Amino acid sequence: MTNNDILKKLRVALMLRDDQIVEILELVDFRITKSELGAFFRAEDHENYMECGDQVLRNFLNGLVIHLRGTKENPKNPNDVLAKHKAEIPKKDSTKERPEFKASAKDAEKGRGDKAPSKSGPAAKKPFKKNTKTAPKVQVVEKVIYKNGKNKK
């Protein structure tokens, strides 16, 4: 597993944004820009992809310890910090009213959702009937002669 994979997994697990990661790195006096940080999270085949070095990962982990636990003088509860991060994430509002797509029916009766369309209209189709006058199937296995190289006497 590469350093980039570790950094990506930590970012997702802790629900961190790029600006929060920059702040965490500043706790250990390691300066990095958002664009440099974004290069670590790009796809490997992207032209601006950059491999995360050991120094960046080491400083991030040390800063993360300080961010979650605090310092000796000012200790923190890691669960409170994680709960704060979770509360900062904007929730998707699924109750927004969206314009619904309603197909225009050719027949006014077809457009009604509370009743099934009548079967007497021009669109009514006859049910499909199977043809019961088919020839009996001949089993293919009976036609095959097996020759396994031995002459029978």
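Bear in mind the structure is a predicted one, so any value in this text is a computation, not a measurement.

**Overview of the overall build of the protein**
Part 1 of the argument: Scanning the protein for helices and strands turns up 6 helices and 0 strands.
Part 2 of the argument: Ordered by position from the N terminus, the helices and strands of the protein form the series α-α-α-α-α-α.
Part 3 of the argument: Counting across all 153 residues of the protein, residues that qualify as buried make up 20%.
Part 4 of the argument: In the structure as shown, the protein presents an accessible area of about 13900 Å², 53% of it carried by carbon and sulfur atoms.

**Let's talk about the pattern of salt bridges**
Part 1 of the argument: For the structure on display, the rule yields 2 salt bridges.
Part 2 of the argument: One salt bridge in this structure joins Asp19 and Arg17, with 3.3 Å as the shortest N-O distance.
Part 3 of the argument: For Asp19, a relative accessible area of 24% corresponds to the partly exposed category.
Part 4 of the argument: Take Arg17: its relative accessible area is 42%, and that puts it in the partly exposed class.

**Brief notes about helix 1 (residues 3-14)**
Part 1 of the argument: The first and last C-alpha atoms of helix 1 sit 16 Å apart over 12 residues, in line with the 16 Å expected at 1.5 Å per residue.
Part 2 of the argument: Every buried residue belonging to helix 1 is among Asn3, Asn4, Leu7 and Leu14, and all of these are buried. Each buried residue of helix 1 lies within a common arc of 115° when the element is viewed along its axis, so the set occupies one face. Opposite the packed face of helix 1, turned more than 90 degrees from it, sit the exposed residues Lys9, Val12 and Ala13.
Part 3 of the argument: Looking at the buried positions of helix 1, the neighbouring elements they touch are helix 3 (34-40), helix 4 (54-69) and helix 5 (78-88).
Part 4 of the argument: Note on helix 1: the residue one or two positions beyond its end, Met15, has a positive phi of about 55°.

**Re the packing of helix 4 against helix 5**
Part 1 of the argument: Interhelical geometry of helix 4 versus helix 5 gives an angle of 95° and a closest axis separation of 7 Å. Here helix 4 is positioned roughly perpendicular relative to helix 5, judged by the angle of their axes. The residues of helix 5 that touch helix 4, namely those facing His67, Leu68 and Arg69, are Pro78, Val81, Leu82 and His85.
Part 2 of the argument: Among the residues forming the contact of helix 4 with helix 5, the class breakdown is 4 nonpolar, 2 polar and 1 charged.

**Concerning the environment of Ile32**
Part 1 of the argument: The topology assignment puts Ile32 in the loop between helix 2 (18-26) and helix 3.
Part 2 of the argument: The spatial distance from the C-alpha of Ile32 to the C-alpha of Val22 is 6.4 Å, given a sequence separation of 10 residues.
Part 3 of the argument: Among all residues touching Ile32, those that are not within four sequence positions of it are Val22, Leu25, Leu37 and Phe40.

**Concerning the side chain of Asn3**
Part 1 of the argument: Inspection of the secondary structure puts Asn3 in helix 1.
Part 2 of the argument: At 3.2 Å, the side chain of Asn3 forms a polar contact with the backbone oxygen of Cys52.
Part 3 of the argument: Among the polar contacts listed, one links the side chain of Asn3 to the side chain of Asp54, at a separation of 2.7 Å.

Procedures and definitions
- Residues numbered from 1 in each chain as written.
- Predicted model: local features only at pLDDT ≥ 70, side-chain atom pairs only at ≥ 80, totals over all residues.
- Heavy atoms only, no water.
- Helix = DSSP H or I, 4+ residues; strand = E, 2+ residues; numbered from the N terminus.
- Buried < 20%, exposed > 50% of the residue type's maximum accessible area, 1.4 Å probe, protein only.
- Areas by Shrake-Rupley, 256 points an atom, 1.4 Å probe, with all protein chains shown as cover.
- Salt bridge = Lys/Arg side-chain N within 4 Å of Asp/Glu carboxyl O.
- Expected span 1.5 Å × (residues − 1).
- Arc of directions from axis to C-beta.
- Contact = heavy atoms within 4.5 Å.
- Axes fitted to C-alpha atoms, helices over the stretch in contact; angles between N-to-C directions.
- Parallel < 35°, antiparallel > 145°, perpendicular 65-115°, else oblique.
- Nonpolar A, V, L, I, M, F, W, Y, C, P; charged D, E, K, R; others polar.
- Polar contact = N/O pair within 3.5 Å; in protein donor to acceptor, adjacent residues only side chain to side chain.

So far we have only geometry, and geometry alone does not tell us how the molecule works.
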